[in-house]
Amino acid sequence: MTGTAAKKVGVAGVGLCTPGFRTMEAFLAGTADNSLPPAKGELLDKRNRRRASPQTKATADAYSEALQQSQLDPSTVASVFGSALGEATTMIGLLDQIWKADSMLSPMRFATSVHNAAAGVVSIATENRGFTTSLGADHNTPATALLEGIAVALAHDTPVIVACGDEAAPVGLVGKDNGWGTLAVAVALVPQELASPEMIKITVPTAATATHHGASELLIPDDVSRPLSINPSIGMLDLAVAVARKRTGVLRLDRGAGRGFCTELTR
Amino acid sequence: MFKQLPPVALTGYSLCNALGGTLADVRQGLYDGRSGLADSPVPVPFSTAAGAVTAALPDLPSELEPWSTRTAQIAMLLLGQMEPQLQKLRERYRPERIALVLGTSTGGADVTEKSYKKFVEQGSLPKGYDFWKQHTYGAVLHVVSELSGARGPAWMVSTACTSSAKPFATAQRLIAADMADAVIVGGIDTLCSMTLLGFFCLDALSDKPCRPFGHKRTGISIGEGGGLVILERDGDAMALLEGVGESSDAYHISAPHPEGDGAKAAMQRALNMAGCKPSDIDHVNAHGTGTPLNDSAEAKAISSLLGDEVPVVSTKGYMGHTLGGAGATEAGLAVLALNEGWLPPSLGAEPRDATITLNIPTTRTTGNFNRVLSNSFAFGGNNVSVLLRSV
């Protein structure tokens, strides 16, 4: 797209939840703690936490960290939730009930099988009656979630939290060799006018190749394990890490698996 | 509070549902007051009516054959109806400035649930099943992108029953922020066992054709199909998208706020975004699913914000609740009301529920409709109200 290159938003906070790491700070330190229990979903109220899938809990944890870091108002901040497959494990659980147990479905499992389950329970927990949405676009999910979030920020001059996550791959459907690990990452975006000078700013992602961004350095993402590197949400992790490390340059948001959307990080 | 955005031009739309595979078929069904609901073609261990698409669906071109699913075929049928408008769109804008924002709730669930049955029974997925080409959201996006020529960013909104209403808001934002010049929006869902069983287990499924706002309403009838809509910065508008209100109930994952607070907030925000007053609204295409709770909450919301004079119609008695396809379908029906000046009867609303005081026409009604709200509400407490104006 043209006409958007100069438009930027500030990144006011980041958050992460993946097995072995509970926070972005822990991830940056690089020492995994494999004794950690699965994501807790501490942001959620007790009832919804009990019913939430591991993916919803991980997304809520990452969202919560980005929210705290950015100090945005939880009851009003807009939110975008991206996931390539959404509640895939919950869906497979329903299919097992249909085809293996030959029984009726669990009403609560059905209600939480929707792609926007995380968005719904986070809005309930934060008493946020404002804007939220959920979307997916396979390996372009991080880029398109950012596009949706940046459009909200630019069109309405308002902050927005963009959270992306995909749970461990349903290997029965994608194949054992293609299994990825659970990952949830969030970034808090603010309109440029509200961004402080020290914040990293990002441009509207475009599908132009990195070289079209001019002389800016192409950022090389940190090494991560293969199961993490093929998670459809990996681009959001690469962005959050680059922001946390205060790197500048052009970042591809899909590690080669999508259409090649890139964003430029600047001071 | 989201600020006011410039209106965008709606330059084309297409529909496909249980009433037929073309806009003309759907229009005629509504005009005749004919329901397309019938016994569910998907085998389930209970009785229910469903809105199945019975129109002949086209075969995808050979190069897209691996992506061939019922959803993709419906998408191709919908695109074919709009080809003249799509051609103008391609002439007017560079392909990368045309974005694609669709919505779905079920995605490829119909294909996967059948394939998974074989996996359970025989230990392997059927030959020809490809998760990435038939199940995921990217699959349908690829087909629509290839067939329409849109090469801008593409994504699928999935917020249950508001999935194809929210893309209208996204399109208005993308155009306002100069991130696109045009956006193809809409959405499609198809019938599958999982949704029928799921709503049955929630005690929200009607065994007979649904009766929105009626005294005898007992639940929803699921339908399939959807609609596609072209929204542009400017162009030969059939209607204007003036505003979209979006809200969250922050109340319950699957039940609406009993007083319809979230629904009312969505409608109020649509008015605010368009710079309109409640008295500017001439008609509401209600979400009107036919469940006792949903209709009661929506009726309270409409009554409290707009009063009891404005005609309110639910069209779900004609084609069922098309879930992720409902928002685009009903926005299309709102355009029909704006352009033709008549409303179909709200099927099933007689005998009336005495607690609902809205003006719900049960015969075909003519009038001058300049502004219409189209409501969509969803699991997760997600609410959308789309405000369209005549030109």
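Let me begin by describing the structure that accompanies this report. (Residues numbered from 1 in each chain as written. Chains lettered and ligands numbered in written order. Predicted model: local features only at pLDDT ≥ 70, side-chain atom pairs only at ≥ 80, totals over all residues. Heavy atoms only, no water.)

This part is about the overall build of chain B. Looking only at helices and strands, chain B has 12 helices and 15 strands in total. In terms of overall dimensions, chain B is globule-like: its C-alpha atoms have a radius of gyration of 19 Å, near the 21 Å expected for 391 residues. When its C-alpha atoms are laid out on the principal axes, chain B stretches across 55 × 50 × 40 Å. For chain B, with 391 residues in total, the buried portion stands at 65%. Within chain B, residue pairs in contact and separated by at least 24 positions form 79% of the contacts whose partners lie at least 6 positions apart. Each charge class in chain B can be summarised by its mean position, and for the 31 positive and 38 negative side chains these summaries are 1 Å apart. (Helix = DSSP H or I, 4+ residues; strand = E, 2+ residues; numbered from the N terminus. Rg over C-alpha atoms; globule rule 2.2 N^0.38 Å. Buried < 20%, exposed > 50% of the residue type's maximum accessible area, 1.4 Å probe, protein only. Contact = heavy atoms within 4.5 Å. Lys, Arg positive; Asp, Glu negative; His and termini not counted. Charge placed at Lys NZ, Arg CZ, Asp CG, Glu CD.)

Okay, the pattern of salt bridges next. Per the counting criterion, the structure on display carries 29 salt bridges over all chains. Linking D222 of chain A and R247 of chain A is a salt bridge whose minimum nitrogen-to-oxygen distance equals 3.0 Å. With D222 of chain A in the loop between β6 (201-203) and α9 (226-229) and R247 of chain A in the loop between α10 (234-244) and β7 (249-252), this pair connects stretches of sequence that are 25 residues apart. For R247 of chain A, a relative accessible area of 27% translates into the label partly exposed. With its nearest N and O atoms 2.9 Å apart, the salt bridge here joins D181 of chain B to R97 of chain B. One end of the pair, D181 of chain B, is in the loop between α7 (166-176) and β6 (182-189); the other, R97 of chain B, is in the loop between α3 (83-92) and β4 (98-103), with 84 residues separating them in the sequence. Judged on exposure class, the residue D181 of chain B and its partner R97 of chain B are both buried. (Salt bridge = Lys/Arg side-chain N within 4 Å of Asp/Glu carboxyl O.)

The subject of this paragraph is the packing of aromatic side chains. With the rule as written, the count across this model stands at 11 aromatic pairs over all chains. Judged by centre distance (5.0 Å) and plane angle (75°), the ring pair of F21 of chain A and F27 of chain A falls under edge-to-face. Their ring planes at 75° and their centres at 5.2 Å tell us that F110 of chain A and F199 of chain B sit as a pair that is edge-to-face. Here the residue F110 of chain A occupies a position in helix α5 (residues 107-111), and F199 of chain B occupies one in helix α8 (residues 193-201), the pair thus bridging two chains. Taken together, the ring pairs in this structure connect F110 of chain A together with F199 and F379 of chain B into an aromatic cluster. Sitting over the face of the ring of Y31 of chain B, R27 of chain B holds its NZ or CZ atom 5.2 Å from the ring centroid. It is R364 of chain B that lies over the ring of Y31 of chain B; its NZ or CZ is 3.7 Å from the centre. (Phe/Tyr/Trp six-rings, centres within 6.5 Å; stacked < 30°, edge-to-face > 60°. Lys NZ or Arg CZ within 6 Å of the ring centre and 35° of its normal.)

As a further point, take the interface of chain A and chain B. Taken together, the contact pairs 63 residues of chain A with 63 residues of chain B. Counting each side, the surface lost to burial between chain A and chain B is near 5,500 Å², with a carbon and sulfur contribution of 69%. Taken together, the links from chain A to chain B amount to 2 salt bridges. For R173 of chain B, the salt bridge is made with E148 of chain A, and the minimal N-O distance between the two is 3.2 Å. Summed over the shared surface of chain A and chain B, the result is 21 residue pairs in polar contact (both at pLDDT 80 or more). Looking at the side of chain A that touches chain B, its residues break down into 34 nonpolar, 19 polar and 10 charged. As judged from the 2 bridges shared by strand β3 (residues 132-136) of chain A and strand β5 (residues 154-157) of chain B, these two strands associate in the antiparallel manner. Across the sheet, the residue bridging to G136 of chain A is M156 of chain B, located in β5 of chain B. (Buried area = accessible area lost by both parts, 1.4 Å probe. Polar contact = N/O pair within 3.5 Å; in protein donor to acceptor, adjacent residues only side chain to side chain. Nonpolar A, V, L, I, M, F, W, Y, C, P; charged D, E, K, R; others polar. Pairing = 2+ DSSP bridges.)

What follows concerns the nonpolar core. Core analysis: the largest hydrophobic core is formed by 118 residues, its most contacted members being V187, L189, L237 and L239 of chain A together with F168 of chain B. In this view, F168 of chain B contacts V185, V229, L231, L241, V244, A328, A331 and V386 of chain B; residues no more than four positions away in its chain are not counted. By size, the runner-up hydrophobic cluster in this structure holds 70 residues, among which are A39, Y63, V121 and W180 of chain A. (Core = buried A, V, L, I, M, F, W, Y, C linked by side-chain atoms within 4.5 Å.)

So, on to the packing of helix α7 (residues 141-156) of chain A against α7 of chain B. The contact between α7 of chain A and α7 of chain B brings their axes to 9 Å, and the two run at 65°. The two elements α7 of chain A and α7 of chain B meet at a crossing, and its hand is left-handed. Taking contact as the criterion, the partners of E148, A151, V152, A155 and H156 of chain A in α7 of chain A are, on α7 of chain B, T170, R173 and L174 of chain B. Split by residue class, the contact of α7 of chain A with α7 of chain B holds 4 nonpolar, 2 polar and 2 charged. (Axes fitted to C-alpha atoms, helices over the stretch in contact; angles between N-to-C directions. Left-handed = near helix turned anticlockwise from the far one by under 90°.)

Here we come to the pairing of strand β9 (residues 239-248) of chain B. Residues and elements named next belong to chain B. Along β9, 10 of the 10 residues are buried, which leaves the element largely enclosed by surrounding structure. Note that β9 and strand β15 (residues 382-389) share 8 bridges and pair antiparallel. What sits directly across from S248, in β15, is N382.

All names here are of chain B. Look at helix α12 (residues 326-340): 21 Å from first C-alpha to last across 15 residues, which is about the 21 Å you get at 1.5 Å a residue. In terms of residue burial, α12 counts as a mostly covered element, since 13 of its 15 residues are buried. Trailing α12 by a residue or two, G341 shows a phi angle of about 75°, which is positive. (Expected span 1.5 Å × (residues − 1).)

Its place among the elements puts Q73 of chain B in helix α2 (residues 70-81). Ignoring anything within four residues of it in the chain, the contact list for Q73 of chain B reads L57, P58, D59, L60 and S68 of chain B.

Time to look at unusual backbone geometry. Backbone phi values are negative for most residues with the exception of glycine, while trans is the configuration of most peptide bonds. Backbone torsion omega between E350 of chain B and P351 of chain B reads -5°, so that peptide bond is classified as cis. Positionally, P351 of chain B belongs in the loop between β12 (342-343) and β13 (365-366). The backbone phi angle of E127 of chain A is positive, close to 50°, even though this residue is not glycine. Examined against the element boundaries, E127 of chain A turns out to sit in the loop between α6 (117-125) and β3. Taking the relative accessible area as the measure of exposure, E127 of chain A reaches 52% and is therefore exposed. Of note, the phi angle at F213 of chain B is positive, near 70°, even though the residue is not glycine. Of note, F213 of chain B is situated in the loop between α8 and β7 (222-223). Judged by its relative accessible area of 0%, F213 of chain B falls in the buried class.

So, on to α7 of chain B. Residues and elements named next belong to chain B. Burial runs high along α7: 10 of the 11 residues are buried. Buried within α7 are the following residues: K166, P167, F168, A169, T170, A171, Q172, R173, L174 and I175. Looking at the residues trailing α7, positive phi occurs at D178, about 60°.

This part is about the sheet that holds strand β2 (residues 38-39) of chain B. Residue and element names in this part refer to chain B. The 3 strands lie next to each other as β2-β3-β7, forming an open sheet whose pairing is mixed. The open sheet is flanked by β2 and β7, the only strands paired with a single partner. Pairing analysis gives 2 bridges linking β2 to strand β3 (residues 49-51), with the strands arranged antiparallel. Residue pairing across strands places A38 opposite A50, the latter belonging to β3.

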